[in-house]
Amino acid sequence: MSQILAIDYGKVRTGLAVTDDMQIIASGLTTVPTKELLGFLKDYTKKESVELFLVGEPKQMNNQASESEVLITPFISKLRTFFPEIPIKRVDERFTSKMAMQTMIDSGLKKKQRQNKALIDEISATIILQSYLYNK
């Protein structure tokens, strides 16, 4: 089997998470500066077999797309161009940042460590991936 790679896309940085090859466990991979994301994904997919990209879909409480969707839509177009053989699915990412922060608190991280926005993005991507696996 191949991995599923989840993307919590952001204007400045993007959190990434992957499954194991059996697609059972979701793990944080890294956080990448968004301007370097496509290059990172090209390198990663040369080394690892990825069968699906999950891209977080930010929504407002009324189920409308959030304003950050205008940044994500062009990214998805580029992703399709660079990786036409890998399908893309969208996953509702509401509350993932809050859940990531709570996960950090629950795991005992100190306040200074919880201010690490890159870690929050990576945990958010992991939550997106875990929710997909749970509902699959």
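Note that the coordinates shown come from a computational prediction; the quantities given were computed from them, not determined experimentally.

A. Seen up close, the packing of aromatic side chains. One pass over the full model with this rule turns up three aromatic pairs. Ring centres 5.3 Å apart and planes at 70 degrees place the aromatic pair Phe53 and Phe83 in the edge-to-face group. In this pair, Phe53 sits in strand S4 (residues 50–57) while Phe83 sits in the loop between helix H2 (69–82) and strand S5 (88–92), placing the two residues 30 residues apart along the sequence. Phe83 matches Phe53 in its accessibility class, with the two residues each being buried.

B. Structural detail: the pairing of strand S1 (residues 3–8). Across the six residues of S1, six count as buried, placing the element largely inside the fold. Side chains Gln3, Leu5 and Ile7 project from S1 onto one buried face, and the interleaved Ile4, Ala6 and Asp8 project onto a second face that is buried too. As paired elements, S1 and S4 share five bridges and run parallel to each other. In the sheet register, Ala6 faces S4, and the bridge partner there is Leu54. Here S1 runs beside strand S2 (residues 13–19); their pairing, made up of four bridges, is antiparallel. Its bridge partner lying in S2, Ile7 is registered against Leu16. Here S1 hands over to S2 after four residues, the two strands then running antiparallel side by side.

Calculation criteria
- Residues numbered from 1 in each chain as written.
- Predicted model: local features only at pLDDT ≥ 70, side-chain atom pairs only at ≥ 80, totals over all residues.
- Heavy atoms only, no water.
- Phe/Tyr/Trp six-rings, centres within 6.5 Å; stacked < 30°, edge-to-face > 60°.
- Helix = DSSP H or I, 4+ residues; strand = E, 2+ residues; numbered from the N terminus.
- Buried < 20%, exposed > 50% of the residue type's maximum accessible area, 1.4 Å probe, protein only.
- Pairing = 2+ DSSP bridges.

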